[in-house]
Structures are given as structure tokens and as C-alpha cells.
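In case you want the letters, here they are:
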Amino acid sequence: MIWARAEGCRVWDADGREYLDLSGGFGVAALGHRNPRVMSAISSAPVAHALGDLADAAVTAELRQSLPWPSKLGVTGADAVEIALRTALLATGKSGIVAFDDAYHGTGLLALAATGFERFREPFTAWLPGPVHRRPYGADPGPLPADTCCVIAEPVQGRAGARVPPGDWLETLRRRCDEAGALLIVDAIYAGLGRIGELWPGEHVADVICVGKALGGGLPLSAALFVRGDLASVWDLGPEDVLTHTHVGNPLACAAALVVLDEVPRLLERVGVAGRRFEEEGWRGAGLLRARVGDSQAAERNGVIVIPAGDGSLISATPPFTITDEELDEAFSRLAR
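Residues numbered from 1 in each chain as written. Predicted model: local features only at pLDDT ≥ 70, side-chain atom pairs only at ≥ 80, totals over all residues. Heavy atoms only, no water.

Trainee: I would appreciate a short explanation of the packing of aromatic side chains in the present structure.
Mentor: Two aromatic rings are characterised by how far apart their centres lie and by the angle between their planes. All told, the structure shown has eight aromatic pairs when counted by the stated rule. A centroid spacing of 5.8 Å and a plane angle of 75° characterise the contact between W69 and W200, whose relative ring orientation is edge-to-face. Placement of the pair is W69 in the loop between α3 (58-66) and β4 (71-74) and W200 in the loop between β8 (183-187) and β9 (208-211), with a sequence separation of 131 residues. Taking the centre distance of 5.2 Å and the plane angle of 85° together, the rings of F278 and F332 count as edge-to-face. Here the residue F278 occupies a position in helix α9 (residues 268-280), and F332 occupies one in helix α11 (residues 325-335), the gap between them amounting to 54 residues. Exposure remark for F278: the relative accessible area of 0% places this residue in the buried category. Using a relative accessible area of 9% as the deciding quantity, one classes F332 as buried. One aromatic cluster is present, built from ring pairs that chain together F100, Y137 and W169. If you follow R5 out to its NZ or CZ, it ends over the ring of W12, 3.9 Å from the centre. R159 extends its terminal NZ or CZ atom over the ring of Y104, reaching a point 4.8 Å from the ring centre. (Phe/Tyr/Trp six-rings, centres within 6.5 Å; stacked < 30°, edge-to-face > 60°. Helix = DSSP H or I, 4+ residues; strand = E, 2+ residues; numbered from the N terminus. Buried < 20%, exposed > 50% of the residue type's maximum accessible area, 1.4 Å probe, protein only. Lys NZ or Arg CZ within 6 Å of the ring centre and 35° of its normal.)

Given below as C-alpha cells:
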């Protein structure tokens, strides 16, 4: 399907057919497609592109100040994960990564090594870094291997099908990291910025939180947030940034992100209400990160956009936080056909 137009929670294809979008563009459109405030911020930005790590636009500097901890910005979610993992290597001098079954952290080679989906890893096995020590999601990993620089975990697994761990699991990981002198990285790229009802999932235990997807309001932007603030200094490796991109801190994306940071806190209550509607309809997960058994192609034929999840037998819903009760009724009715 080719998207010709998108607005709010609705998408139109090239033939003019309308769909309800329960994917939110992979969770990116937390404020809805073409949110008016986001579009205004983008269109009125006085700088469209600066010089990445060499020179911030004013709006990029404002975003850095608006984030709750020191940060290193990226373009994609995988960038934020790469930054976080490399931070752990620089901070500890160790290279082992503890990651979890069914985890999804991105497709850059280092992020891919930590990802738990074999179908993504297998074609590139010969090039994947490591070592990676894989453990069951939601379980106590036990004492960490001696070479562990970090544990990386999703607060709710998105791509695996909205899997929610026990409530004290992140605290258990924090304790294991403290025992081993390792960092705890919380990959909240999918779950963060309100998706599960919290702005910064894991903030009470994490050393680094990765955010992306919704952060740019529809434009590519991510960040590794150094909750343990001294970690930012491990990147002081000389006059040149050794991990950067041409589009780091893109001013248009940063202008949109300032809108997201302002709007999302006011929508957290709505996330809870809409999430309970999904739960009543048999969807597992938390907040507006949901999954259930289903067929994404059948849903599309009925005018609803969802994403395949898990082993392909599940469908995932990550709709805009602005979705109305009437739109939920309409989507659930279409899915029941």
C-alpha cells in the first residue's frame, strides 16, 4: 500500500481509500499525523540544517536544554542504541553485552547483535560484534558474566508483541548491574515518551535511556539520555566527535521534538484510558503499546493499519495518543469483521 495522505489517526492510499491507522507509523505519530503544532514548528524553523556536531542551530541547543539529562543525539533509534552500547564500552573497558530473547534494538550491526530475532541476525552473523550473552526476557539473568559492560532491556517488548515483564524486573537488573560494575541501558525507543503511560520508562534505575520514534514528531530523531550524568564525559575523546552523523540535531526535527515534549505530558491520562479500551478488547501490553493474535493483511482489507509482531501470528497496535473513543469503536468494529 502506498500512503498518499495522512492526517490525525487516518491514512489514505493512492486510490483514495481511507484507513484507520492503529500503527501510528510504527509509534512515531504519537501526536497524530501532521499534528498542526508540529507542522507549524517545522514550517517556521529559521534554520533547516546546521553542522551536526560542529555547530548547533539555536533550536537544537534548546532541545538539549529541554531534555531532562545530558544527551547525545542520533537520527534513528538504532543510533541511540549504538551510542548507549558504545558508552558502556568506554565507561567500563569491557565488551560483553547481556541482552534478552525476542529483543529488538535495531539493525545497525552493534544494535543487531543485541537484537533477539534470529531472522534479522542470521544473514549478517559473520560480521556481528560481541560477545552477547542472551537471557530469557523478564527473568532474573543471574550473576552477570565477568566481561559484561552493560545490560540492555526494553521496559515492554514492542516488536515481540507487547510483552510486559514482572513489575520489579528492572530493579533486579539494576542490582545485577551494580554487582558486576555494568551499566543498565533501558531501550525505551518504542515504549518511551508516553507510549506505556510514562515519559521516561526506567528512569529510576537506568544509567542510559534510549528514546526515538515519537521524539521527532514524524521526523527522524533519537537520543541516548545519560541519566547517570557523568557518562557524557566518556565521549570527550578529542576535538572531533568520533560518533556523529551529518544530520545529528537536525533543526526541523528538534523543533518538532520541542512540541512533543510539551504536548505528551498532557496526554498521559488519555493513554491510560485508551489503553484500557484495548485491554477490554483482548489486547495485551501496556498503555498504547498493544498486541493480540490477528492477521495484519486481513485488517488492512478491512481498513485498519496494524503491524505484524512476534512470530507473525500477532498484530501490534501503537496508535496516536490523540485517538478518540469514536475512532477506537470504529477500528474495533472493522477488526471484528
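Trainee: Please clarify how the nonpolar core should be interpreted in this entry.
Mentor: The tendency in soluble globular proteins is for nonpolar side chains to be buried as a group. Core analysis: the biggest nonpolar cluster contains 67 residues, and L22, W200 and I209 have the highest contact counts within it. Among the elements that take part in this core, helix α8 (residues 251-263) stands out by supplying nine residues, more than any other. Each residue touching I209, except ones within four places of it in the same chain, is listed here: W69, V186, A188, W200, P201, G202, E203, A223, A224, L225 and V227. Counting 26 residues, the second-largest nonpolar core is a separate cluster that includes A114, I189, V208 and F226. (Core = buried A, V, L, I, M, F, W, Y, C linked by side-chain atoms within 4.5 Å. Contact = heavy atoms within 4.5 Å.)

Trainee: Explain the environment of L51 here, please?
Mentor: Within the secondary structure, L51 is located in the loop between α2 (36-43) and α3. Note: C-alpha distance between L51 and A160 (109 residues apart in sequence) is 37 Å.

Trainee: Explain the environment of F278 here, please?
Mentor: Placed 50 residues apart in sequence, F278 and L328 show a C-alpha to C-alpha distance of 8.5 Å. In contact with F278, not counting residues within four places along its chain, are L22, W283, L288, R290, A317, P319, L328 and F332.

Trainee: How do you make sense of the sheet that holds strand β7 (residues 148-153) when you look at a structure like this?
Mentor: By definition, the strands of a sheet pair up through backbone hydrogen bonds, in either a parallel or an antiparallel sense. Spatially, seven strands are ordered β4-β10-β9-β8-β7-β5-β6 in an open sheet, and the strand pairing comes out mixed. Whereas interior strands pair on both sides, the edge strands pair on one side only; in this sheet they are β4 and β6 (132-135). Ignoring which end each strand starts from, the neighbouring axes of this sheet average 20° apart. Pairing geometry for β7 and β8, over four bridges, is parallel. Following the sheet pairing, C150 is matched in β8 by L183. Set on the sheet, helix α7 (residues 169-180) makes contact with β5 (96-100), β7 and β8; between it and β8 the angle comes to about 150°. (Pairing = 2+ DSSP bridges. Axes fitted to C-alpha atoms, helices over the stretch in contact; angles between N-to-C directions.)

Interpretation note: all reported values are geometric properties and have no functional meaning in isolation.
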